[in-house]
Amino acid sequence: SPALRNRFTEVWVDAVTHPEDLRSILAAQLTPELNSGGYGERVLAFWQWFTKQDVGAGKKTVSLRDLVSWVSFMKAAVASGLTPPQALIHGAAMVLLDGLGIGDGASVARVRELRELAFKQLLSLLPPEAVAQLRPKEGAIDILPVSLASEAGAVPQNNNSVGTDAMHDDPVGGEKFGV
């Protein structure tokens, strides 16, 4: 809630939206490895792009809580063995992209279009050698739409992208995880 209150006082706090403020918060939240790799800037650049997109009922809002959740996921994912590019893509999918179309009146076609645009935008923020790290292991399910991943060079053209144990395969090439 934007209000801080006790029984005598209520204080309203404006949302943090200035890029410099967000940059400082992201830098404080990220690990030195992710900071030096420019991942705070990538998150901020994606936030600036994403908040300008029309999602049916208007522009999509991304709160400071969303950005901190994304960065927290990235730190945990990298500590668990994912590469920073993998953590960036997975974090964006988990925090922002998986919820597109829920309660905003957007059509299925618009949601698909926006997801694909968002993945293209994320890939454009990464250097080509980092995009190459997004190649899934043989038999794993790919997080990126196949056409987009092929276009970015992250997936071989003949990849069937469906594993025998699809619910437990890590989509970006790490170890299997249990549910």
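A few points on the structure. The model shown is predicted, which means the values in this text are computed figures rather than measured ones. (Residues numbered from 1 in each chain as written. Predicted model: local features only at pLDDT ≥ 70, side-chain atom pairs only at ≥ 80, totals over all residues. Heavy atoms only, no water.)

## Here's the deal with the overall build of the protein chain
Here comes step 1: Counting its regular elements, the protein chain contains eight helices and two strands.
Here comes step 2: Starting at the N terminus and ending at the C terminus, the protein chain contains elements arranged as β-β-α-α-α-α-α-α-α-α.
Here comes step 3: In the protein chain, the share of contacts with a sequence separation of at least 24, taken over all contacts with a separation of at least 6, comes to 57%. (Helix = DSSP H or I, 4+ residues; strand = E, 2+ residues; numbered from the N terminus. Contact = heavy atoms within 4.5 Å.)

## So, the environment of V62
Here comes step 1: Here V62 is to be found in the loop between helix 3 (39-50) and helix 4 (64-79).
Here comes step 2: Taking the C-alpha atoms as reference points, V62 and T51, separated by eleven residues in sequence, lie 6.7 Å from one another.
Here comes step 3: When near neighbours in sequence (up to four residues on either side) are disregarded, V62 contacts W47, F50, T51, L67 and L96.

## Details of the packing of aromatic side chains
Here comes step 1: Using the criterion set out here, one finds four aromatic pairs in the structure.
Here comes step 2: Feature note: the residues F46, W49, F50 and W70 constitute an aromatic cluster, connected by ring pairs.
Here comes step 3: Over the ring of Y39 we find R42, and its NZ or CZ is 4.6 Å from the ring centre. (Phe/Tyr/Trp six-rings, centres within 6.5 Å; stacked < 30°, edge-to-face > 60°. Lys NZ or Arg CZ within 6 Å of the ring centre and 35° of its normal.)

## Comments concerning helix 5 (residues 84-97)
Here comes step 1: Its 14 residues place the ends of helix 5 18 Å apart at the C-alpha level, agreeing with the 20 Å of an ideal helix rising 1.5 Å per residue.
Here comes step 2: Along helix 5, twelve of the 14 residues are buried, which leaves the element largely enclosed by surrounding structure.
Here comes step 3: The complete set of buried residues in helix 5 reads P84, P85, Q86, A87, L88, I89, H90, G91, A92, A93, L96 and L97.
Here comes step 4: Against helix 2 (32-36), helix 3, helix 4, helix 6 (108-124) and helix 7 (128-132) lie the buried residues of helix 5. (Expected span 1.5 Å × (residues − 1). Buried < 20%, exposed > 50% of the residue type's maximum accessible area, 1.4 Å probe, protein only.)

## Remarks on the environment of A132
Here comes step 1: The residue A132 is located in helix 7 in this model.
Here comes step 2: For the pair formed by A132 and P85, sequence separation is 47 residues and the distance between their alpha carbons is 9.6 Å.

## Here's the deal with the environment of P85
Here comes step 1: By the secondary structure assignment, P85 is in helix 5.
Here comes step 2: Put simply, P85 and V131 are 46 residues apart on the chain and 7.3 Å apart in space, counted from C-alpha to C-alpha.

## Describing helix 4
Here comes step 1: Look at helix 4: 23 Å from first C-alpha to last across 16 residues, which is about the 22 Å you get at 1.5 Å a residue.
Here comes step 2: Buried residues of helix 4: L67, W70, V71, M74, A77 and V78, and no others. The buried residues of helix 4 occupy an angular sector of 125° when the element is viewed end-on, so they sit on one face. With respect to the buried face of helix 4, the exposed residues turned more than 90 degrees away are R65 and A79.
Here comes step 3: If you follow the buried residues of helix 4, they end up packed against helix 1 (19-29), helix 2, helix 3, helix 5 and helix 6.
Here comes step 4: One or two residues past the end of helix 4 sits G81, with phi positive at roughly 115°. (Arc of directions from axis to C-beta.)

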